[in-house]
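Single-letter residue listing:
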Amino acid sequence: MQIPQYKARDWKSHPPYVFKGYGSSVKRGPHKKLVPIKQTLSEVTGPLFSEVKLEPGENDLTRNADTGKEAMGERIIVVGKVLDENEKPIPNTLIEIWQANAAGRYHHPVDQHNAPLDPNFIGAGRCVTNEKGEYRYLTIKPGAYPWLNHPNAWRPAHIHLSIFGPGFATRLVTQMYFPRDPLIPLDPILNSVPSKSGRERLISSYAHNVTEPEFALGYRFDIVLRGRKSTPFEERRR
Amino acid sequence: MKQTPSQTVGPFYAIGLTRRAMSVLATDTTEGLPIRIEGRVFDGDGKPIPDALVEVWQANAYGRYNHPDDKQEKPFDPKFTGWGRSGTDKNCFYRFDTVKPGPVPGPGESVQAPHINVVVFARGMLLHAYTRIYFSDEPLNQTDPVLNLIKNKARRATLMAAREEQAGRTVYHFDIRLQGKNETVFFDM
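For clarity, every value in this text was computed on a predicted model and none was experimentally measured.

Cut-offs and rules
- Residues numbered from 1 in each chain as written.
- Chains lettered and ligands numbered in written order.
- Predicted model: local features only at pLDDT ≥ 70, side-chain atom pairs only at ≥ 80, totals over all residues.
- Helix = DSSP H or I, 4+ residues; strand = E, 2+ residues; numbered from the N terminus.
- Rg over C-alpha atoms; globule rule 2.2 N^0.38 Å.
- Buried ≥ 20, exposed ≤ 12 C-beta atoms within 10 Å, placed from the backbone.
- Contact = placed C-beta atoms within 7 Å.
- Pairing = 2+ DSSP bridges.
- Axes fitted to C-alpha atoms, helices over the stretch in contact; angles between N-to-C directions.
- pLDDT = per-residue confidence, 0-100.
- Nonpolar A, V, L, I, M, F, W, Y, C, P; charged D, E, K, R; others polar.

**A closer look at the overall build of chain A**
Then, number 1: Of regular secondary structure, chain A possesses 2 helices and 12 strands.
Then, number 2: In sequence order, the secondary structure elements of chain A are arranged as β-α-β-β-β-β-β-β-β-β-α-β-β-β.
Then, number 3: For 238 residues, the compact-globule formula gives about 18 Å, and the C-alpha radius of gyration of chain A, at 19 Å, lands near that figure.
Then, number 4: For chain A, the C-alpha atoms occupy an extent of roughly 55 × 40 × 30 Å along the three principal directions.

**Digging into the overall build of chain B**
Then, number 1: Scanning chain B from terminus to terminus reveals 2 helices and 12 strands.
Then, number 2: Along the chain direction, N to C, the helices and strands of chain B fall in the order α-β-β-β-β-β-β-β-β-α-β-β-β-β.
Then, number 3: Computed over the C-alpha atoms, the radius of gyration of chain B is 16 Å, within 12% of the 16 Å expected from 2.2 N^0.38 for a compact globule of 189 residues.
Then, number 4: Looking at chain B residue by residue over its 189 residues, the buried ones come to 51%.

**Let's talk about the environment of Thr174(A)**
Then, number 1: When you line up the elements, Thr174(A) lands in strand 9 (residues 172-177).
Then, number 2: Classification of Thr174(A) as buried rests on a count of 24 C-beta atoms within 10 Å.
Then, number 3: Here Thr174(A) is in contact with Leu161(A), Leu202(A), Thr4(B), Pro5(B), Ser6(B) and Gln7(B), once residues within four sequence places are set aside.

**Structural notes on the sheet that holds strand 3 (residues 94-99) of chain A**
Residues and elements named next belong to chain A.
Then, number 1: The 4 strands lie next to each other as 4-3-8-9, forming an open sheet whose pairing is antiparallel. Since the sheet does not close on itself, it has two edges, and those belong to strand 4 (124-128) and strand 9, each with one partner. Strand-to-strand, the axes of this sheet are offset by a mean angle of 25 degrees, without reference to chain direction.
Then, number 2: Here 5 bridges tie strand 3 to strand 4, and the two strands are oriented antiparallel to one another. Paired with Glu96 across the bridge in strand 4 is Arg126.

**Topic: the confidence of the model for chain B**
Then, number 1: For chain B, the mean per-residue pLDDT works out to 97, and 100% of the residues sit at or above 70.
Then, number 2: The ipTM for the predicted assembly is 0.97, set against a pTM of 0.96.

**Remarks on the interface of chain A and chain B**
Then, number 1: Taken together, the 70 residues of chain A in the interface contact 56 residues of chain B.
Then, number 2: Taken together, the elements giving at least two residues each to the side of chain A that touches chain B come down to strand 1 (35-36), helix 1 (41-44), strand 3, strand 8 (158-163), strand 9, helix 2 (196-201) and strand 12 (223-225) of chain A.
Then, number 3: Within the side of chain A that touches chain B, the residues separate by chemical class into 31 nonpolar, 21 polar and 18 charged.
Then, number 4: Examined bridge by bridge, strand 1 of chain A and strand 12 (residues 187-188) of chain B share 2 bridges and lie parallel to one another. Counterpart to Pro36(A) in the pairing with strand 12 of chain B is Asp188(B).

**As for the pairing of strand 5 (residues 134-140) of chain A**
Residues and elements named next belong to chain A.
Then, number 1: Across the 7 residues of strand 5, 5 count as buried, placing the element largely inside the fold.
Then, number 2: Bridging between strand 2 (residues 75-84) and strand 5 involves 7 bridges; their strand directions are antiparallel. Counted as the bridge partner of Ile77 is Leu138 from strand 5.

**Considering the pairing of strand 2 (residues 52-57) of chain B**
Residue and element names in this part refer to chain B.
Then, number 1: When you tally the buried positions in strand 2, you get 6 out of 6 residues, the bulk of the element.
Then, number 2: Alternating positions in strand 2 separate into two faces, Ala52, Val54 and Val56 on one and Leu53, Glu55 and Trp57 on the other, with burial throughout.
Then, number 3: Examined bridge by bridge, strand 2 and strand 3 (residues 83-87) share 5 bridges and lie antiparallel to one another. When the bridges of strand 3 are listed, Glu55 appears paired with Arg85.

**What about unusual backbone geometry?**
Leaving glycine out, the prevailing phi sign among residues is negative, and the prevailing peptide bond configuration is trans.
Residue and element names in this part refer to chain A.
Then, number 1: One non-glycine residue, Glu87, adopts positive backbone phi at about 65 degrees.
Then, number 2: Looking at the element boundaries, Glu87 is found in the loop between strand 2 and strand 3.
Then, number 3: Positive phi, normally seen in glycine, also occurs at Glu214, with a value near 60 degrees.
Then, number 4: Summarising the element assignment, Glu214 is placed in the loop between strand 10 (205-206) and strand 11 (217-220).

Shown next, in the form of C-alpha coordinates:
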(Lines give C-alpha, C1' and ligand atoms only; values in the text may rest on other atoms or scores of the structure.)
Protein backbone atom coordinates (compact mmCIF):
# COMPACT_ATOMS: atom_id res chain seq x y z
CA MET A 1 0.00 0.00 0.00
CA GLN A 2 1.40 3.41 -1.03
CA ILE A 3 1.11 6.02 1.69
CA PRO A 4 2.07 9.70 1.33
CA GLN A 5 4.87 10.30 3.81
CA TYR A 6 5.61 13.16 6.16
CA LYS A 7 9.01 14.86 6.17
CA ALA A 8 11.30 13.83 9.01
CA ARG A 9 11.27 15.51 12.38
CA ASP A 10 13.67 18.46 12.18
CA TRP A 11 16.29 17.74 14.83
CA LYS A 12 17.74 21.26 14.63
CA SER A 13 14.36 22.64 15.63
CA HIS A 14 13.33 20.14 18.30
CA PRO A 15 15.15 19.87 21.63
CA PRO A 16 17.13 16.75 22.46
CA TYR A 17 15.48 14.36 24.92
CA VAL A 18 18.17 15.09 27.51
CA PHE A 19 19.26 18.68 28.03
CA LYS A 20 21.46 19.02 31.11
CA GLY A 21 20.32 22.58 31.90
CA TYR A 22 16.78 21.27 32.37
CA GLY A 23 17.20 19.00 35.38
CA SER A 24 14.03 16.94 34.97
CA SER A 25 15.06 15.84 31.50
CA VAL A 26 18.14 14.03 32.81
CA LYS A 27 16.23 11.03 34.18
CA ARG A 28 13.27 11.22 31.83
CA GLY A 29 14.65 11.60 28.33
CA PRO A 30 15.20 8.35 26.44
CA HIS A 31 18.91 7.48 25.99
CA LYS A 32 18.88 4.78 23.33
CA LYS A 33 18.90 5.57 19.64
CA LEU A 34 15.39 5.85 18.22
CA VAL A 35 14.46 3.01 15.87
CA PRO A 36 13.63 4.48 12.46
CA ILE A 37 10.44 3.11 10.90
CA LYS A 38 8.71 3.68 7.58
CA GLN A 39 5.50 5.64 7.91
CA THR A 40 2.45 3.44 7.46
CA LEU A 41 -1.25 4.08 7.90
CA SER A 42 -0.55 3.97 11.65
CA GLU A 43 1.66 7.06 11.48
CA VAL A 44 0.00 9.16 8.76
CA THR A 45 -3.51 8.88 10.13
CA GLY A 46 -4.49 10.44 13.42
CA PRO A 47 -7.40 11.92 15.34
CA LEU A 48 -9.19 14.75 13.52
CA PHE A 49 -11.72 15.68 16.23
CA SER A 50 -14.32 16.48 13.58
CA GLU A 51 -16.95 15.27 16.07
CA VAL A 52 -15.80 17.75 18.73
CA LYS A 53 -18.10 20.74 18.94
CA LEU A 54 -16.56 23.58 20.91
CA GLU A 55 -18.83 25.51 23.24
CA PRO A 56 -19.05 29.24 22.63
CA GLY A 57 -16.52 30.91 24.87
CA GLU A 58 -13.98 28.10 25.02
CA ASN A 59 -11.58 30.45 23.27
CA ASP A 60 -12.16 33.20 25.85
CA LEU A 61 -10.04 32.33 28.88
CA THR A 62 -10.93 35.63 30.53
CA ARG A 63 -14.52 34.50 31.10
CA ASN A 64 -14.65 30.71 30.95
CA ALA A 65 -14.36 29.92 34.68
CA ASP A 66 -18.17 29.68 35.01
CA THR A 67 -18.27 32.35 37.71
CA GLY A 68 -19.89 35.01 35.56
CA LYS A 69 -16.97 37.26 36.36
CA GLU A 70 -13.91 38.30 34.45
CA ALA A 71 -10.32 37.24 35.21
CA MET A 72 -7.78 39.77 36.51
CA GLY A 73 -4.84 40.89 34.43
CA GLU A 74 -3.80 42.32 31.10
CA ARG A 75 -6.16 41.09 28.36
CA ILE A 76 -4.43 39.78 25.26
CA ILE A 77 -5.67 38.48 21.93
CA VAL A 78 -3.49 35.78 20.42
CA VAL A 79 -3.88 35.04 16.71
CA GLY A 80 -1.89 32.93 14.32
CA LYS A 81 -1.89 30.35 11.59
CA VAL A 82 -1.23 26.65 11.74
CA LEU A 83 0.69 25.68 8.61
CA ASP A 84 2.81 22.82 7.45
CA GLU A 85 6.40 23.01 6.21
CA ASN A 86 5.10 23.46 2.66
CA GLU A 87 3.22 26.60 3.81
CA LYS A 88 -0.07 24.79 3.40
CA PRO A 89 -2.61 25.98 5.98
CA ILE A 90 -3.99 23.27 8.26
CA PRO A 91 -7.75 23.80 8.65
CA ASN A 92 -10.05 22.42 11.36
CA THR A 93 -7.30 21.34 13.70
CA LEU A 94 -7.76 21.39 17.46
CA ILE A 95 -5.57 23.63 19.63
CA GLU A 96 -5.62 23.18 23.41
CA ILE A 97 -4.28 25.99 25.57
CA TRP A 98 -3.21 26.17 29.21
CA GLN A 99 -1.31 28.74 31.24
CA ALA A 100 -0.63 30.42 34.58
CA ASN A 101 -2.69 33.40 35.72
CA ALA A 102 -1.55 37.02 35.71
CA ALA A 103 0.29 36.48 39.01
CA GLY A 104 2.20 33.47 37.67
CA ARG A 105 0.19 30.73 39.37
CA TYR A 106 -1.51 27.72 37.83
CA HIS A 107 -4.96 26.53 38.86
CA HIS A 108 -3.43 23.17 39.88
CA PRO A 109 -2.90 21.57 43.33
CA VAL A 110 0.79 20.91 42.61
CA ASP A 111 1.47 24.62 42.11
CA GLN A 112 2.28 25.96 45.59
CA HIS A 113 3.87 29.22 44.45
CA ASN A 114 2.93 31.90 46.97
CA ALA A 115 1.01 34.05 44.50
CA PRO A 116 -2.74 34.67 44.43
CA LEU A 117 -5.09 32.33 42.63
CA ASP A 118 -7.77 34.06 40.61
CA PRO A 119 -11.16 32.37 41.14
CA ASN A 120 -12.26 33.72 37.76
CA PHE A 121 -9.38 32.18 35.83
CA ILE A 122 -8.88 28.47 35.11
CA GLY A 123 -6.23 29.06 32.48
CA ALA A 124 -7.52 26.52 29.97
CA GLY A 125 -9.17 26.92 26.59
CA ARG A 126 -9.58 25.38 23.18
CA CYS A 127 -9.96 26.64 19.66
CA VAL A 128 -10.05 25.18 16.16
CA THR A 129 -8.38 26.59 13.06
CA ASN A 130 -10.64 27.92 10.31
CA GLU A 131 -10.46 27.03 6.61
CA LYS A 132 -7.37 29.25 6.22
CA GLY A 133 -5.61 27.62 9.17
CA GLU A 134 -6.17 30.67 11.37
CA TYR A 135 -6.91 30.61 15.08
CA ARG A 136 -7.70 33.26 17.69
CA TYR A 137 -8.21 33.29 21.42
CA LEU A 138 -8.60 35.86 24.17
CA THR A 139 -6.80 35.45 27.47
CA ILE A 140 -4.83 37.17 30.22
CA LYS A 141 -1.10 37.68 29.87
CA PRO A 142 0.44 35.02 32.13
CA GLY A 143 2.93 36.02 34.81
CA ALA A 144 6.45 34.69 35.25
CA TYR A 145 6.88 32.19 38.08
CA PRO A 146 9.71 30.64 40.08
CA TRP A 147 10.67 26.97 39.80
CA LEU A 148 13.27 24.77 41.44
CA ASN A 149 15.46 23.91 38.47
CA HIS A 150 18.42 26.04 39.65
CA PRO A 151 18.96 28.87 42.16
CA ASN A 152 16.64 31.83 41.55
CA ALA A 153 15.10 30.12 38.52
CA TRP A 154 12.09 31.82 36.92
CA ARG A 155 10.14 30.72 33.89
CA PRO A 156 9.53 33.49 31.38
CA ALA A 157 5.83 34.15 30.75
CA HIS A 158 4.52 31.47 28.39
CA ILE A 159 1.37 29.78 27.13
CA HIS A 160 1.27 26.01 26.55
CA LEU A 161 -0.23 24.84 23.26
CA SER A 162 -1.17 21.35 22.10
CA ILE A 163 -1.81 20.85 18.37
CA PHE A 164 -2.70 17.68 16.46
CA GLY A 165 -2.52 18.38 12.72
CA PRO A 166 -3.73 15.75 10.24
CA GLY A 167 -1.75 12.70 11.41
CA PHE A 168 -0.15 10.95 14.35
CA ALA A 169 3.22 12.09 12.96
CA THR A 170 2.24 15.78 13.14
CA ARG A 171 1.50 15.86 16.88
CA LEU A 172 3.09 18.82 18.66
CA VAL A 173 3.07 20.29 22.14
CA THR A 174 4.92 23.56 22.53
CA GLN A 175 5.09 26.83 24.47
CA MET A 176 4.63 30.37 23.19
CA TYR A 177 6.74 33.15 24.73
CA PHE A 178 6.47 36.94 24.67
CA PRO A 179 8.80 39.40 22.92
CA ARG A 180 11.56 41.16 24.89
CA ASP A 181 11.02 39.09 28.03
CA PRO A 182 14.25 39.51 30.06
CA LEU A 183 13.94 35.94 31.38
CA ILE A 184 14.15 34.37 27.93
CA PRO A 185 17.98 34.16 27.74
CA LEU A 186 18.01 32.50 31.18
CA ASP A 187 15.39 29.81 30.52
CA PRO A 188 16.76 26.29 29.97
CA ILE A 189 13.49 24.97 28.54
CA LEU A 190 13.40 27.49 25.70
CA ASN A 191 17.18 27.30 25.32
CA SER A 192 17.03 23.52 24.89
CA VAL A 193 16.05 24.27 21.27
CA PRO A 194 19.31 23.78 19.34
CA SER A 195 18.98 26.46 16.67
CA LYS A 196 18.74 30.20 17.27
CA SER A 197 16.04 30.49 14.62
CA GLY A 198 14.10 27.72 16.35
CA ARG A 199 14.24 29.59 19.65
CA GLU A 200 13.12 32.79 17.93
CA ARG A 201 10.18 30.97 16.36
CA LEU A 202 8.80 30.23 19.84
CA ILE A 203 8.56 33.94 20.63
CA SER A 204 5.33 35.62 19.58
CA SER A 205 5.36 39.10 18.05
CA TYR A 206 3.37 42.10 19.15
CA ALA A 207 0.68 42.76 16.52
CA HIS A 208 -0.74 46.26 16.67
CA ASN A 209 -3.28 45.44 13.96
CA VAL A 210 -4.68 42.76 16.27
CA THR A 211 -4.76 45.08 19.29
CA GLU A 212 -8.29 46.32 19.95
CA PRO A 213 -8.62 49.92 21.15
CA GLU A 214 -9.68 50.33 24.78
CA PHE A 215 -9.72 46.53 25.16
CA ALA A 216 -6.74 44.20 24.60
CA LEU A 217 -3.22 43.91 23.17
CA GLY A 218 -2.62 41.64 20.18
CA TYR A 219 0.08 39.01 19.68
CA ARG A 220 0.78 36.79 16.70
CA PHE A 221 2.15 33.24 16.90
CA ASP A 222 2.30 30.98 13.85
CA ILE A 223 2.75 27.23 14.28
CA VAL A 224 4.42 25.02 11.69
CA LEU A 225 3.85 21.26 11.69
CA ARG A 226 5.56 18.56 9.64
CA GLY A 227 4.56 18.68 5.98
CA ARG A 228 4.11 15.93 3.44
CA LYS A 229 6.95 14.93 1.17
CA SER A 230 5.95 15.85 -2.35
CA THR A 231 4.43 12.89 -4.17
CA PRO A 232 1.97 12.45 -7.03
CA PHE A 233 -0.58 11.58 -4.36
CA GLU A 234 -0.40 14.96 -2.67
CA GLU A 235 -4.01 15.92 -3.33
CA ARG A 236 -5.92 14.46 -0.46
CA ARG A 237 -9.55 13.68 0.01
CA ARG A 238 -10.89 15.24 3.19
CA MET B 1 9.05 26.90 6.54
CA LYS B 2 10.63 25.19 9.50
CA GLN B 3 8.90 23.09 12.14
CA THR B 4 7.87 24.80 15.37
CA PRO B 5 10.05 23.35 18.14
CA SER B 6 8.53 21.06 20.73
CA GLN B 7 8.47 22.04 24.41
CA THR B 8 7.58 20.03 27.50
CA VAL B 9 3.98 19.68 28.70
CA GLY B 10 5.31 20.64 32.15
CA PRO B 11 3.80 19.60 35.50
CA PHE B 12 0.44 21.35 35.03
CA TYR B 13 -0.76 19.82 31.75
CA ALA B 14 -3.90 18.49 33.50
CA ILE B 15 -5.44 21.98 33.37
CA GLY B 16 -5.42 21.98 29.60
CA LEU B 17 -5.36 18.34 28.63
CA THR B 18 -7.14 16.02 31.07
CA ARG B 19 -10.04 17.95 32.58
CA ARG B 20 -12.31 16.00 30.24
CA ALA B 21 -12.32 12.20 30.46
CA MET B 22 -10.77 10.85 27.29
CA SER B 23 -9.53 7.40 28.25
CA VAL B 24 -12.60 5.36 27.28
CA LEU B 25 -12.47 4.63 23.55
CA ALA B 26 -15.05 1.88 23.26
CA THR B 27 -18.66 1.53 24.40
CA ASP B 28 -20.72 -1.63 24.93
CA THR B 29 -21.74 -1.53 21.28
CA THR B 30 -18.23 -1.21 19.82
CA GLU B 31 -17.33 -4.31 17.85
CA GLY B 32 -14.29 -6.28 18.94
CA LEU B 33 -12.71 -7.77 22.05
CA PRO B 34 -13.09 -5.31 24.93
CA ILE B 35 -9.74 -4.78 26.60
CA ARG B 36 -8.21 -2.55 29.21
CA ILE B 37 -4.67 -1.28 28.73
CA GLU B 38 -2.88 -0.11 31.83
CA GLY B 39 0.60 0.51 33.08
CA ARG B 40 3.03 3.03 34.44
CA VAL B 41 5.77 5.20 33.02
CA PHE B 42 9.17 4.84 34.77
CA ASP B 43 12.12 7.23 34.91
CA GLY B 44 15.83 6.40 34.81
CA ASP B 45 15.87 5.59 38.53
CA GLY B 46 13.07 3.06 38.04
CA LYS B 47 10.60 5.33 39.82
CA PRO B 48 7.05 5.60 38.45
CA ILE B 49 6.33 9.06 37.06
CA PRO B 50 3.32 10.84 38.60
CA ASP B 51 3.02 13.47 35.87
CA ALA B 52 3.24 11.57 32.60
CA LEU B 53 0.61 11.72 29.88
CA VAL B 54 -0.11 8.95 27.38
CA GLU B 55 -2.04 9.29 24.13
CA VAL B 56 -3.11 6.36 21.97
CA TRP B 57 -4.26 5.98 18.37
CA GLN B 58 -5.53 2.72 16.98
CA ALA B 59 -7.49 1.02 14.22
CA ASN B 60 -10.87 -0.58 14.88
CA ALA B 61 -11.35 -4.32 15.38
CA TYR B 62 -11.24 -4.85 11.61
CA GLY B 63 -7.98 -2.94 11.18
CA ARG B 64 -9.32 0.32 9.78
CA TYR B 65 -8.42 3.79 11.03
CA ASN B 66 -11.06 6.49 11.41
CA HIS B 67 -9.30 8.85 9.01
CA PRO B 68 -9.85 9.83 5.34
CA ASP B 69 -6.39 8.56 4.34
CA ASP B 70 -7.43 5.02 5.27
CA LYS B 71 -9.27 3.96 2.13
CA GLN B 72 -9.48 0.25 2.94
CA GLU B 73 -12.80 -1.44 2.30
CA LYS B 74 -13.26 -2.71 5.82
CA PRO B 75 -16.20 -2.17 8.18
CA PHE B 76 -16.17 1.28 9.69
CA ASP B 77 -17.74 2.55 12.89
CA PRO B 78 -17.87 6.37 12.90
CA LYS B 79 -18.47 6.32 16.66
CA PHE B 80 -15.11 4.67 17.32
CA THR B 81 -12.52 7.41 16.87
CA GLY B 82 -9.61 5.23 17.95
CA TRP B 83 -8.00 8.02 19.96
CA GLY B 84 -7.57 8.35 23.69
CA ARG B 85 -5.62 10.24 26.33
CA SER B 86 -4.81 9.38 29.92
CA GLY B 87 -2.86 11.20 32.57
CA THR B 88 -1.41 9.19 35.44
CA ASP B 89 -3.46 8.56 38.59
CA LYS B 90 -2.32 8.76 42.22
CA ASN B 91 -0.63 5.37 41.88
CA CYS B 92 1.01 6.57 38.65
CA PHE B 93 -1.10 4.34 36.39
CA TYR B 94 -2.44 5.34 33.00
CA ARG B 95 -5.43 3.37 31.75
CA PHE B 96 -7.54 2.94 28.60
CA ASP B 97 -10.71 0.99 27.95
CA THR B 98 -10.90 0.04 24.30
CA VAL B 99 -11.16 -2.91 21.92
CA LYS B 100 -8.28 -4.85 20.48
CA PRO B 101 -7.41 -3.40 17.05
CA GLY B 102 -7.25 -5.56 13.94
CA PRO B 103 -4.19 -5.96 11.70
CA VAL B 104 -3.41 -3.04 9.37
CA PRO B 105 -1.39 -2.84 6.14
CA GLY B 106 2.35 -2.27 6.40
CA PRO B 107 4.98 -1.28 3.83
CA GLY B 108 4.60 -3.02 0.45
CA GLU B 109 2.39 -6.08 0.73
CA SER B 110 3.14 -6.67 4.40
CA VAL B 111 0.59 -6.87 7.20
CA GLN B 112 1.22 -5.30 10.58
CA ALA B 113 0.24 -7.22 13.68
CA PRO B 114 -2.46 -5.58 15.81
CA HIS B 115 -0.90 -2.68 17.68
CA ILE B 116 -1.77 0.57 19.39
CA ASN B 117 0.26 3.67 18.55
CA VAL B 118 1.46 5.59 21.58
CA VAL B 119 2.84 9.04 22.33
CA VAL B 120 4.38 9.68 25.75
CA PHE B 121 4.60 13.14 27.28
CA ALA B 122 5.82 14.15 30.74
CA ARG B 123 7.28 16.96 32.71
CA GLY B 124 10.96 16.59 31.87
CA MET B 125 10.31 15.40 28.33
CA LEU B 126 11.14 18.24 25.97
CA LEU B 127 9.85 16.23 23.04
CA HIS B 128 7.21 13.49 23.04
CA ALA B 129 8.31 9.92 22.35
CA TYR B 130 6.57 7.52 19.97
CA THR B 131 6.19 3.84 20.75
CA ARG B 132 3.73 1.00 20.06
CA ILE B 133 1.83 -1.50 22.15
CA TYR B 134 1.78 -5.04 20.72
CA PHE B 135 -0.14 -7.97 22.21
CA SER B 136 1.98 -10.77 23.67
CA ASP B 137 -0.47 -13.53 22.65
CA GLU B 138 -0.82 -12.42 19.01
CA PRO B 139 0.49 -14.88 16.36
CA LEU B 140 0.92 -12.13 13.72
CA ASN B 141 3.75 -10.64 15.83
CA GLN B 142 6.07 -13.21 14.19
CA THR B 143 5.79 -11.50 10.81
CA ASP B 144 5.29 -7.89 11.87
CA PRO B 145 7.58 -5.61 9.79
CA VAL B 146 8.25 -3.20 12.66
CA LEU B 147 8.94 -5.83 15.34
CA ASN B 148 11.26 -7.58 12.92
CA LEU B 149 13.40 -4.45 12.65
CA ILE B 150 14.36 -4.99 16.28
CA LYS B 151 16.81 -7.88 16.38
CA ASN B 152 17.48 -7.83 20.10
CA LYS B 153 14.85 -10.00 21.80
CA ALA B 154 14.96 -8.12 25.10
CA ARG B 155 14.39 -4.83 23.31
CA ARG B 156 11.55 -6.28 21.25
CA ALA B 157 9.95 -7.51 24.47
CA THR B 158 9.62 -3.89 25.68
CA LEU B 159 6.83 -3.45 23.09
CA MET B 160 4.77 -6.41 24.34
CA ALA B 161 1.74 -5.94 26.56
CA ALA B 162 1.17 -8.98 28.78
CA ARG B 163 -2.36 -10.37 28.95
CA GLU B 164 -3.98 -10.80 32.36
CA GLU B 165 -7.54 -11.68 33.30
CA GLN B 166 -8.81 -9.47 36.13
CA ALA B 167 -12.35 -10.00 37.45
CA GLY B 168 -13.69 -11.16 34.10
CA ARG B 169 -11.94 -8.39 32.22
CA THR B 170 -9.10 -8.77 29.73
CA VAL B 171 -6.28 -6.46 30.76
CA TYR B 172 -3.08 -5.90 28.88
CA HIS B 173 -0.33 -4.54 31.08
CA PHE B 174 2.15 -2.22 29.38
CA ASP B 175 4.82 -0.29 31.27
CA ILE B 176 6.90 2.35 29.56
CA ARG B 177 10.53 2.79 30.66
CA LEU B 178 12.07 6.06 29.56
CA GLN B 179 15.62 5.00 30.43
CA GLY B 180 17.63 2.16 31.92
CA LYS B 181 18.37 -1.46 31.12
CA ASN B 182 14.89 -2.16 29.79
CA GLU B 183 14.33 1.19 28.10
CA THR B 184 11.26 0.94 25.87
CA VAL B 185 11.88 1.02 22.14
CA PHE B 186 10.98 4.48 20.83
CA PHE B 187 10.60 5.23 17.15
CA ASP B 188 11.75 7.88 14.74
CA MET B 189 9.08 8.15 12.10
